Every structure is written in C-alpha cells, then in structure tokens.
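Examining the three-dimensional arrangement
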Amino acid sequence: MRSRFDKQLNQLNNNLLEMGALTEQAIESAVRALSEQDENAARGAIELEREIDSQERAVESLCLKLLLEQQPVAGDLRLISAALKMITDLERIGDQAADIAEIILRLRGQSYIKPLIHLPQMAARTIEMVTGSIDAFVQKDLEKTKSIFELDDLVDELFRIVKNELVELIRKDASCSEQAIDLLMIAKYFERIGDHAQNIAEWVEFSLTGVHKNGEKE
C-alpha cells in the first residue's frame, strides 16, 4: 500500500514540476511579448494560461485522490495540503502572465514612452522565484525558500522604481499617461507574480516544518 502511495506522491511532484514549467513559459512568453512587442508571444502566453488551468485540475484531482483513498501520515498530509495551496498560486500566476499579454496586444503598433529596463529585470526575478519555489518543494529544501523571500524584496523595490519613473513621465507629459498606466499595470502584475511565488515558498516551509508564516500550525 505504501509503495503505491509513494508512486502517487512522485506523480504529484512530477505534475507540480510540469505546472511550474508551464507557468515559467507563460511568464517568459509575456516578457518576450513585452520586450519585442511580439504578438505571437502574447497569444502564446494566453494559450499557456489555459494549459495551466488544465494542469491545476489534474493536480487537484490527484491530491484529493491521495487524501480520500490513502491514509497519509502527518508529513504526507502537510505535503498534499501544501500542494493544493501551491497550485492556486501557480494558476493565478498564469492568469497574470495572460493579463500582461493582453495589455501588450492592446499596445501593438505603439512605440514605448521609455526604454524598458526595470520591467524585464522584474520579470527575470519573478521567473527565478517561481522556479526556485517549485524546486524547493520537490527537493524538500528549506534553505532554498530563503532566497525566494530575498528576491521578493528585490521585485518590490523594482516595482517602486518603475512606478516612480512612470509617475514622473505623466507629470512631465500628460499625453503619455494612457500607456504609462498600462506599463504600470504590467509592473503590478509582475509584483503580484512575485507575491504568489513567495506564497508558494511559504507553503513549502509549511510542508517541511508544520509551521506557516501567518501563524498556522499543523
């Protein structure tokens, strides 16, 4: 019985890795759409969001099967519970990558009002956070979660810089305000992606220690 359960847990890890990879691809497609004003990349990010939704349903189904058909001990129960929380954050990351892509499609044909420097930096850090948080879960690596929290601080600082730059542009030239607001929304989506990646890291900690940062205990 335990052997079958372990195989299903391994399948859960593999499914989470696949969902994490799809999420990374969605962010990368959104970034390419932003940097190169690539409509195909934007549409690719939107299509990947649908695949992420499908993968979320598959992982959720497996988690419920493990809970209902098996008798998980405390550590396994934490792992399954954490996985259920994590897929919600991954699904929302996919949504936000698609939201970024939709803004890019709306901006097609327009020249950017400023060189894109900090937005791609934000994107790179958020991809790193998503990858690191999933790796921490699969590898059961508590130390790896600490780097995720540090990267979130960096993403928050980059968001502050982007916001201040765009506000200053609007102050100097109100005619650029519409695109500035769109770019600010993109920055906000990247910041939210970072927040969701941090949430995943926190659930990894819970799966390993039984304690969550918001005070929840096993």
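The structure this text deals with has already been given above.
Report follows, based on the coordinates. Here the residue index of a chain counts from 1 through its sequence in written order. Predicted model: local features are reported for residues with pLDDT of at least 70 only, side-chain atom pairs are reported and counted for 80 or more only, and whole-chain, interface and lining totals are derived from all residues. Side-chain figures throughout are based on the complete set of non-hydrogen atoms in the structure, without hydrogens or water.

Some thoughts on the overall build of the chain
Secondary structure is summarised from DSSP: a helix means a run of H or I of at least four residues, a strand means a run of E of at least two, and numbering begins at the N terminus for each. Counting secondary structure elements, the chain contains six helices and zero strands. Going residue by residue from the N terminus, the α and β elements of the chain occur as α-α-α-α-α-α. In this treatment the radius of gyration is a C-alpha quantity, and the globule benchmark scales as 2.2 Å times the residue count to the 0.38 power. The C-alpha radius of gyration of the chain comes to 19 Å, within 12% of the 17 Å expected for a compact globule of 218 residues. With a 1.4 Å probe rolled over the protein chains alone, any residue whose accessible area is under 20% of its type maximum counts as buried; one over 50% counts as exposed, and the rest are partly exposed. The burial tally for the chain puts 48% of its 218 residues in the buried class. Here the accessible surface of atoms and residues is derived via Shrake-Rupley with a 1.4 Å probe, and residues count as covered only by protein chains that are part of the display. In the form shown here, the chain has an accessible surface area of approximately 10500 Å², with 48% of it arising from carbon and sulfur atoms. In this count, Lys and Arg are taken as positive residues and Asp and Glu as negative ones, while His and the chain termini are left out. Each charge is placed at NZ for Lys, CZ for Arg, CG for Asp and CD for Glu. For the chain, the distance from the average position of its 26 positive side-chain charges to the average position of its 40 negative side-chain charges is 2 Å.

Some remarks on the nonpolar core
Considering soluble globular proteins, one finds that nonpolar side chains tend to be buried as a cluster. In these notes, a set of buried Ala, Val, Leu, Ile, Met, Phe, Trp, Tyr and Cys residues joined through side-chain atoms within 4.5 Å is what counts as a nonpolar core. Within the largest apolar cluster, 68 residues are counted, with the highest numbers of intra-cluster contacts made by Leu 12, Leu 119, Met 122, Ile 186 and Phe 190. It is helix H3 (residues 74-106) that contributes the most residues to this core, 15 residues altogether. Residues count as neighbours in contact if any of their non-hydrogen atoms are within 4.5 Å of one another. Residues in contact with Ile 186, not counting those within four places in the same chain, are Leu 34, Ile 100, Ile 103, Ile 104 and Leu 119.

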